[in-house]
Amino acid sequence: MTGAGAGNVLGSSLIETAERIRSREVSVQDVTAASLARAEALQPDINAFIRIDTEAAMQAAERADGEIAAGRYRGVLHGIPLAHKDMFYRAGEITSCGSDIRRDFRAEFTSNLIARLDAAGAISIGWLNLSEFAGGPTGHNVHFGDCRNPWNTAHVSGGSSSGSGAAVAAGIVFGALGSDTGGSVRIPAACCGVVGVKPTYGLVSRHGAMPRSWSLDHIGPLTRRVADSAAILQAIAGVNAGDATSWFSDVPDYVDGLGAVPKGIRIGVPKRGFVEDAAPDVIAAFEAALEVLCGLGCVRVDVDLPDPNGLSKLNDVISKSEAATIHRKWLTDTPERYGDHVRSRIEAGLAIPATRYLEALSVRTGITQRFVDSVFSKCDVVCAPTLPFSAPRRDESNPEEPTGVLDLVRKMTYRTRLFNFLGLPAFSIPMGFDARHLPLERVAPDRILDSHFDHPVIPCSGGRYGGQVWVSRILLSYVNGRFCLLSKAARTPRRRGACVFPSSSSMTWCGSSARLARLRQSRRAIRDAAS
């Protein structure tokens, strides 16, 4: 296939492209070259990358083509262009963490996750922008410039995995790794209209990733389809001897577990705290998605959840205390090298009493136990909007501007932080666009296995598009004790020349597939990590 033809592959799913690479219908070098060309072309508009590694990527692509031609195909990720948040270490290479302090830092070893993806044959084309030290839900960065939403560059891409959401939504790469301490995978997924997965605590090793808060950090993929997230999760999940908090040794085959939607799955919808203050477009898209699920035989159940604000505050105590511990020396020696907003958030942890921090840790097990017992005795999965509104404008959400921004940041994170505190898996999936043509999503906890977010239209630079967009209506299935997501797309005409932006009508899902014994084992791992 020619380079021009390979460029068309970028609009396909990871799974579809993998089959074309395996069959040698398209070469890895052509697909990688197309990915790199798109990255370079869109970088001035969306600023998704901190570094683009053209030479190394093309060398890896050449090696992959040689291996595949020789019959040494490694699997579904072999030859697939990816890029990752610039906080995962690769030996000898700079890992900036989106900061001035680590602008020239070179790691001495390679992250376990990067090594796993290398072993699977994936092609890394570069390192993605992020909020400084992974601290902020909007994607603003005073050191490397703000990452911008590819649907409409006047709006934020979400954070802190801002470049991950933007690069995937823009069709530059087929997937990207992000980190999630309070929503930093799910929020950019919601803002950019892609899939974002926060796995169960301990399922994916944090080894070789710059920590924000060791008790709350989760690593997960962002992709345009859930099946693609399943493929990446398959590669990165599992126990790692270098990380005492990774404990899942038996990782199921997520992709192979896909299946049809069974009848009678109970979908829990929170009675309060998650939906009532959302924008009308978000509520309308959320209700429409629930109607699709019920039409497939699922059953809607109203459930009482713990106050998300209360759990968010406990999450905040842990996050700020641990971040202050990690950054204490830099805060003392070079405080001027932080952005003002990031420094003030981290410094706040220095004022939190040790007794308050230990109290927040000590109540986690009991709260999680009660959540599982009370909520999942009534439903099989919990579903709610990820964000109460679509992605804000960048000029209205700059954290360096104090007026009104702190309240906006709170509204962006209080629905997501509780699942980090609980350690339960949660993922965000698209459910349409708002009246301004911005993406909307919902979030749900449990291990995602499959969903197809039909996305034939890729955002162009400047946020202008012609033709049509596909609005995903999400379906849920439960197969072999694990939740699978499928989507059925409805074609919607687009206003020519209009700015399009994914609405935060994304949905968050949370499920109860893990057994209680596993939950207790997870809680022990969390306590060990904090000790």
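Here, the structure is the one placed above.
The text that follows walks through the structure, step by step, so that each part is easy to find. (Residues numbered from 1 in each chain as written. Predicted model: local features only at pLDDT ≥ 70, side-chain atom pairs only at ≥ 80, totals over all residues. Heavy atoms only, no water.)

The next subject is the overall build of the protein chain. Of regular secondary structure, the protein chain possesses 16 helices and 14 strands. Taking all 531 residues of the protein chain together, the buried fraction comes to 63%. Put simply, 79% of the contacts in the protein chain that link residues at least 6 apart link residues at least 24 apart. Of the accessible surface of the protein chain, which amounts to about 18200 Å², a share of 51% is contributed by carbon and sulfur atoms. (Helix = DSSP H or I, 4+ residues; strand = E, 2+ residues; numbered from the N terminus. Buried < 20%, exposed > 50% of the residue type's maximum accessible area, 1.4 Å probe, protein only. Contact = heavy atoms within 4.5 Å. Areas by Shrake-Rupley, 256 points an atom, 1.4 Å probe, with all protein chains shown as cover.)

It is worth spelling out the environment of Asp 65 at this point. Mapped onto the secondary structure, Asp 65 falls in helix α4 (residues 54-69). By relative accessible area, which is 18% here, Asp 65 ends up buried. With 38 residues separating them along the chain, Asp 65 and Ser 27 place their C-alpha atoms 6.5 Å apart. Those residues in contact with Asp 65 that sit more than four places away from it in its chain are Ser 27, Val 28 and Gln 29. At 2.8 Å, the side chain of Asp 65 forms a polar contact with the backbone nitrogen of Val 28. (Polar contact = N/O pair within 3.5 Å; in protein donor to acceptor, adjacent residues only side chain to side chain.)

To describe a pair of aromatic rings, you give the distance between the ring centres and the angle between the ring planes. The tally for this structure, following the rule as stated, stands at 6 aromatic pairs. With a centroid separation of 5.2 Å and 70 degrees between ring planes, the pair formed by Trp 151 and Phe 433 is classed as edge-to-face. With Trp 151 in the loop between β3 (123-128) and α6 (162-169) and Phe 433 in strand β10 (residues 426-433), this residue pair connects regions lying 282 residues apart in the sequence. Through successive ring pairs, a cluster of aromatic residues spans Tyr 89, Phe 105 and Phe 109. We note Arg 103 situated over the ring of Phe 144; from NZ or CZ to the ring centre the distance is 4.6 Å. The residue whose ring lies beneath Arg 364 is Phe 421, and the NZ or CZ to ring-centre distance is 5.4 Å. (Phe/Tyr/Trp six-rings, centres within 6.5 Å; stacked < 30°, edge-to-face > 60°. Lys NZ or Arg CZ within 6 Å of the ring centre and 35° of its normal.)

Contact pair helix α3 (residues 28-46) / α4: the axes reach a minimum separation of 8 Å and the direction vectors enclose 160 degrees. Considering the angle they form, α3 stands roughly antiparallel to α4. Note on packing geometry: the crossing formed by α3 with α4 is right-handed. Of the residues in α4, those in contact with Val 28, Gln 29, Thr 32, Ala 33, Leu 36 and Glu 40 of α3 are Thr 54, Ala 57, Met 58, Ala 61, Glu 62, Ala 64, Asp 65 and Ile 68. (Axes fitted to C-alpha atoms, helices over the stretch in contact; angles between N-to-C directions. Parallel < 35°, antiparallel > 145°, perpendicular 65-115°, else oblique. Left-handed = near helix turned anticlockwise from the far one by under 90°.)

Turning our eyes to something else, we now look at the side chain of Thr 17. Assignment of secondary structure puts Thr 17 in helix α2 (residues 14-22). Exposure remark for Thr 17: the relative accessible area of 0% places this residue in the buried category. One polar contact links the side chain of Thr 17 to the main-chain carbonyl oxygen of Ser 13, over a distance of 2.9 Å. With near-sequence residues (within four places) excluded, Thr 17 lies in contact with Val 9, Ser 12, Ile 80 and Phe 174.

Here the focus is the pairing of strand β8 (residues 299-303). With 5 bridges connecting them, strand β7 (residues 266-270) and β8 associate as parallel partners. Paired with Ile 267 across the two strands is Arg 300, which belongs to β8. Read as a crossover between parallel neighbours, the route from β7 over helix α9 (residues 280-295) to β8 is right-handed. (Pairing = 2+ DSSP bridges. Right-handed = clockwise from strand over helix to strand, strands pointing away.)

The next point concerns the pattern of salt bridges. In the structure shown here, the tally under the stated rule is 26 salt bridges. Between Glu 25 and Arg 20 there is a salt bridge, and its shortest N-O distance comes to 3.1 Å. Exposure remark for Glu 25: the relative accessible area of 42% places this residue in the partly exposed category. For Arg 20, a relative accessible area of 21% puts it in the partly exposed group. The residue Asp 316 makes a salt bridge to Arg 417 at a minimum N-O spacing of 3.6 Å. One end of the pair, Asp 316, is in helix α10 (residues 308-333); the other, Arg 417, is in helix α15 (residues 417-422), with 101 residues separating them in the sequence. Salt bridges here are not isolated pairs; linked through shared partners, they connect Asp 100, Arg 103 and Arg 337. (Salt bridge = Lys/Arg side-chain N within 4 Å of Asp/Glu carboxyl O.)

Phe 49, Phe 88, Leu 117, Ile 125 and Ile 172 are the most contacted members of the largest nonpolar core, which totals 78 residues. At 7 residues, α3 tops the list of elements feeding residues into this core. With near-sequence residues (within four places) excluded, Leu 117 lies in contact with Leu 77, Leu 82, His 84, Ala 122, Leu 177, Ile 232, Ala 235 and Ile 236. Grouped together as the second largest cluster of nonpolar side chains are 49 residues, Val 197, Ala 384, Phe 421 and Met 431 included. (Core = buried A, V, L, I, M, F, W, Y, C linked by side-chain atoms within 4.5 Å.)

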